[in-house]
Amino acid sequence: MNRLRYLMCPPDHYQVNYVINPWMEGNVQRSSQQRAIDQWQKLQAILSQYVQVERLTPAQGWPDMVFTANAGLIVNQTVVLSQFYHPERQGEQPYCRDWFAAQGYQVLELPQGIAFEGAGDALLDRGQGWLWSGYGFRSMLESHPYLAKWLSLEVLSLHLIDKRFYHLDTCFCPLSEGYLLYYPPAFDTYSNHLIERRIPPEKRIPVSEADAIHFACNAVEIDRVILANSMSYPLQERLQKLGFTVITTDLSEFLKAGGAAKCLTLRLDEPLSGMPALAG
Ligand code: ARG
């Protein structure tokens, strides 16, 4: 069987040493290296039961490089390389560019000044194949027409309005068969209407604030198995009734930097046959 491939970056140089999101506030130099390694290895071991995990070599001085979801956005053999909003992460770009190029991806780069943070802010809908793209804190709305044009995808722009949920993948997780796990208050009214028009009520799974702040939406789904930091029992039950299996694994050391399971991984095979581009 052909196994899916995911990219992870070991936490050798991971720590919280600056503040670029509210989760990092009060956590500078407060993460434990050993606990981070243990939690990361456990996540990697669980993931390896289902997929092949590739490794990106961590670079000294770029502590957030563990969050490989932000390396870029992959569709087929093309990657739109991230262009980080904050200088604190911009040094990760050359390492990601080199890795993707060495793997044979076509690497596309946005014009200078247009921030875009990869699969952290751009998620394919698993049912219909369009691309949900977040903006408001990190990725800029100006990046969306490039994604539509370069990847020949319909792009649906969602406005993030709660700074705790600064990346789309912190509050929004498309699942198999068009299901959607999400935290509606993280989006403005217009975006909520857009979501409601595209996803029928029986496919929407809104989560509570308590689940959202424990990064329940920052989940990785592989073939109906959902991996996340934590989920309340009612939420787990709801997902189980829909045929999903939930696995939780403690990622508290990474929550201190504002990330969890989804942020720590990047799916490398995102096959898509392609649809007519809708924006230029
Ligand atoms: N400290 C990192 C940042 O603020 C966390 C990134 C989390 N990644 C994600 N895909 N949500 O950029």
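Please refer to the structure higher up on the page.
Residues numbered from 1 in each chain as written. Predicted model: local features only at pLDDT ≥ 70, side-chain atom pairs only at ≥ 80, totals over all residues. Heavy atoms only, no water.

**Digging into helix H5 (residues 189-198)**
All buried positions along H5 are accounted for by Ser191, Asn192, Leu194 and Ile195. Buried residues of H5 fall within an arc of 160° about the axis and therefore sit on the same side. Pointing more than 90 degrees away from the buried face of H5 are the exposed residues Thr189, Tyr190 and Arg197. (Buried < 20%, exposed > 50% of the residue type's maximum accessible area, 1.4 Å probe, protein only. Helix = DSSP H or I, 4+ residues; strand = E, 2+ residues; numbered from the N terminus. Arc of directions from axis to C-beta.)

**What about the site of the ligand?**
Surveying the vicinity of the ligand reveals 17 residues, the closest of which are Asn21, Arg89, Arg138, Asp169 and Ala257. Asn21 is positioned such that a nitrogen or oxygen atom in its side chain is 2.8 Å from an oxygen atom of the ligand. Asp169 is positioned with one of its side-chain polar atoms (N or O) 2.8 Å from a nitrogen atom of the ligand. Of the residues assigned to the shell around the ligand, the class counts are 7 nonpolar, 6 polar and 4 charged. (Near = heavy atom within 4 Å. Polar contact = N/O pair within 3.5 Å; in protein donor to acceptor, adjacent residues only side chain to side chain. Nonpolar A, V, L, I, M, F, W, Y, C, P; charged D, E, K, R; others polar.)

**Considering the packing of aromatic side chains**
If you walk through the whole model with that rule in mind, you get 14 aromatic pairs. Summarising the aromatic geometry, the rings of Tyr14 and Phe254 are spaced 4.7 Å apart at their centres and angled 40° between planes, so their arrangement reads as tilted. Remark: Phe254 occurs in helix H8 (residues 252-255) and Tyr14 occurs in the loop between strand S1 (5-8) and helix H1 (33-48); sequence separation between them is 240 residues. Considered together, Tyr14 and Phe254 belong to a single accessibility category, that of buried residues. Aromatic pair Phe165 and Tyr183: ring centres 5.3 Å apart, planes at 55°, arrangement tilted. Here Phe165 is found in the loop between strand S8 (155-159) and strand S9 (172-174), whereas its partner Tyr183 is found in the loop between strand S10 (180-182) and H5, with 18 residues between them in sequence. For Phe165, a relative accessible area of 0% corresponds to the buried category. Here a set of aromatic residues connected by ring pairs shows up, and it is made of Trp130, Trp132, Phe172, Tyr182 and Phe187. The ring of Tyr179 has Lys203 lying over it, and the distance from NZ or CZ to the ring centre is 4.5 Å. (Phe/Tyr/Trp six-rings, centres within 6.5 Å; stacked < 30°, edge-to-face > 60°. Lys NZ or Arg CZ within 6 Å of the ring centre and 35° of its normal.)

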